[in-house]
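One letter stands for each residue in the lines below.
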Amino acid sequence: MNLRPLRNYQTECVSNVMTAYANNLPSQMIVMGTGTGKTRTTVEIVKKFARTLWITDSEELIEQSAGVLANETGQFIGIIKQERMEIMHNIVVASIQTLHRRLDRIDPNLFDLIVVDECHISCSATFMKTLNFFTPKLLIGLTATPWRTDGADLSYMFKHTAFDYPILRGINEGFLAEINAIRVKTNINLDAINTKNGDFNERQLGSVVDIPERNKLIVEKYIEHATGRQAMAFCVNIQHGLNLTAEFVKQGIKAEFVCSDKSICPDRKERIKRYEDQVIQVIVNVGILTKGVDIPETSCIIWATPTKSRTKFFQGIGRGTRLKTGPFKDLLLLDVVDVTSRHRVVNSYTEDKPLNI
């Protein structure tokens, strides 16, 4: 068991939550920037309750959360996912995709505390069904990005924001890496692209931005401004990711691509491990590295996919905000900015203050 001491703001968070709970506020949200220790902080709250259910939505987060909880509490952690149904442990980490199909096998009063990780996604029907089923003493939602593109209000489920620790405060207090941004301007025009579910239509967007000239420019700017940095690149879709990876390799950069399609990426964990071990310099991805991956030496984020989603943008940036021990102490954001007069995209122009640029 490894009981790491809490930082000052983490102690403040725990105090706020328990004070609000004592004042009859049983549904709360904790907002803490990526890299500031949401899980470590919440462990202190878990210790105050007899039975805890920790809900998440990805395999990487199940493993990461269960590891931290076991390490910090010294308890065996039950898992609910796929073939596993380990319900009788005092702390259980569950995949929402499996949990919501097995509610008939669980007593709704079994858990005193329920924690929803990445709670900004919890307005889906699956989450709502699950959370409405249980009757905990305290419900906590954890997120670094409490905004939704569809405009859904998280306060419907999480009535009280107990603590808010934004990125800028973390930087100023020395707990997060300073963020600097370089805008990589292209002549690609996004005006003809439609909006779907609050963001760009992915199919249309890919056909517009995934062109050799733009991909080449991105790699050239990495070489110019970020040579030697461990970098994560975020792309529109699988084909865009494959093409950008090929351009990195063509220009002599060790790079690999990860995605959820096992026919294209059968060894995802191994590729991520090669990046973590710095065998490769750049890892290109679609929808994989926005959460559940903790690789502090990432000192460059390449934002190659236009977006209208502040949540998506900051989730990507959060992969590089942790403090680093290597030669690069800051986070460099290579923000690829395309032309548009019709759309309001989220990029470093619109987020100058929190990006500290």
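One can find the structure itself at the top, above this paragraph.
Predicted, not measured: the structure shown is a model, and the values here were computed from it.

**Let's talk about the sheet that holds strand β7 (residues 138–143)**
Argument step 1. Pairing is mixed in the open sheet, where eight strands are placed in the order β4-β3-β5-β2-β6-β7-β1-β8. Sheet topology places β4 (84–85) and β8 (160–165) at the edges, where each strand pairs with a single neighbour.
Argument step 2. Two elements, strand β3 (residues 77–81) and strand β5 (residues 91–95), share four bridges in a ladder whose sense is parallel. Paired with I77 across the strands is I91, a residue of β5.
Argument step 3. Contacting β2 (52–56), β3 and β5, helix α3 (residues 59–73) runs over the sheet at an angle of about 170° to β3.

**Quick word on empty space enclosed by the protein**
Argument step 1. The final tally for this structure, using the stated rule, is one cavity of 30 Å³ or more.
Argument step 2. Considering the residues around the largest cavity, the lining is formed by 13 residues, among which P306, V336, D338, V345 and N347 are closest to the centre.
Argument step 3. Of all the elements, strand β16 (residues 331–339) adds the most residues to the lining of the largest cavity, at four residues.
Argument step 4. Tallied by class, residues from the lining of the largest cavity come to seven nonpolar, four polar and two charged.

**A short note on the nonpolar core**
Argument step 1. Formed by 48 residues in total, the largest nonpolar core has its most connected members in Y222, M232, L244, F248, L289 and I302.
Argument step 2. No other element matches β16, which puts five residues into this core.
Argument step 3. Apart from residues no more than four positions distant in its own chain, Y222 is found in contact with T227, G228, R229, A231, F248, I253, Q281, V282, C300, I302 and L334.

**What about the sheet that holds strand β14 (residues 282–285)?**
Argument step 1. Spatial ordering of the open sheet is given by β9-β16-β15-β12-β14-β13, a layout of six strands whose pairing is parallel. At either end of the open sheet lies a strand with only one pairing partner, and these are β9 (179–189) and β13 (255–258). Each strand axis lies, on average, 20° off the axis of its neighbour in the sheet, ignoring direction.
Argument step 2. Where β9 and β16 come together, eight bridges link them in parallel fashion. Bridging from a neighbouring strand, V184 pairs with V336 of β16.
Argument step 3. Packing against the sheet, helix α10 (residues 268–276) makes contact with β12 (230–234), β13, β14 and β15 (298–303), and its axis sits at approximately 145° to β13.

**Brief notes about the side chain of T130**
Argument step 1. Along the chain, the position of T130 falls in helix α5 (residues 125–133).
Argument step 2. With a relative accessible area of 0%, T130 lands in the buried category.
Argument step 3. Within the local environment of T130, its side chain forms a polar contact with the backbone oxygen of T126, the two atoms lying 2.9 Å apart.
Argument step 4. Ignoring sequence-local partners within four residues, the contact set of T130 consists of I55, I96, L99, H100 and L103.

**Here we look at the pattern of salt bridges**
Argument step 1. Throughout the structure, instances matching the rule amount to 16 salt bridges.
Argument step 2. Between R40 and E44 there is a salt bridge whose closest N-O contact spans 2.7 Å. Placement of the pair is R40 and E44 together in helix α2 (residues 38–46), with a separation of four residues, close to one helical turn.
Argument step 3. The exposure class assigned to R40 is buried, which follows from its relative accessible area of 7%.
Argument step 4. A salt bridge links R40 to E72; the shortest N-O distance between them is 3.6 Å. Of the two residues, R40 is situated in helix α2 and E72 in helix α3; the sequence distance between them amounts to 32 residues.
Argument step 5. Look at the salt bridges and you will find they share partners, linking R40, E44, K47 and E72 into a network.

**Let's talk about the packing of helix α8 (residues 212–226) against helix α9 (residues 238–250)**
Argument step 1. Here α8 crosses α9 at 50°, and the two axes come no closer than 9 Å. By the criterion of interaxial angle, the relationship of α8 to α9 is oblique. When you trace α8 past α9, the crossing you get is right-handed. On α9, the residues touching R214, N215, K216, I218, V219 and Y222 of α8 are H240, N243, L244, E247 and F248.
Argument step 2. Its residues placed into classes, the contact of α8 with α9 shows five nonpolar, three polar and three charged.

**Concerning the packing of aromatic side chains**
We describe a pair of aromatic rings using the distance from one ring centre to the other and the angle between the two ring planes.
Argument step 1. Summed over the entire model, instances satisfying the criterion amount to ten aromatic pairs.
Argument step 2. Ring centres of Y9 and Y165 lie 3.9 Å apart, and the angle between their planes is 15°; this geometry places the pair in the stacked category. Pair noted here: Y9 is in helix α1 (residues 8–22) and Y165 is in strand β8, with a separation of 156 residues, a long-range link. Here the two residues Y9 and Y165 agree in accessibility, since each one is buried.

Reading guide: rules and limits
- Residues numbered from 1 in each chain as written.
- Predicted model: local features only at pLDDT ≥ 70, side-chain atom pairs only at ≥ 80, totals over all residues.
- Heavy atoms only, no water.
- Pairing = 2+ DSSP bridges.
- Helix = DSSP H or I, 4+ residues; strand = E, 2+ residues; numbered from the N terminus.
- Contact = heavy atoms within 4.5 Å.
- Axes fitted to C-alpha atoms, helices over the stretch in contact; angles between N-to-C directions.
- 1 Å grid on protein atoms, 1.4 Å probe; cavity = no way out; pocket = protein on both sides within 12 Å on 5 of 7 lines; lining within 4 Å.
- Points joined across faces, edges and corners; volume = space filled by probe spheres on them.
- Nonpolar A, V, L, I, M, F, W, Y, C, P; charged D, E, K, R; others polar.
- Core = buried A, V, L, I, M, F, W, Y, C linked by side-chain atoms within 4.5 Å.
- Buried < 20%, exposed > 50% of the residue type's maximum accessible area, 1.4 Å probe, protein only.
- Polar contact = N/O pair within 3.5 Å; in protein donor to acceptor, adjacent residues only side chain to side chain.
- Salt bridge = Lys/Arg side-chain N within 4 Å of Asp/Glu carboxyl O.
- Parallel < 35°, antiparallel > 145°, perpendicular 65-115°, else oblique.
- Left-handed = near helix turned anticlockwise from the far one by under 90°.
- Phe/Tyr/Trp six-rings, centres within 6.5 Å; stacked < 30°, edge-to-face > 60°.

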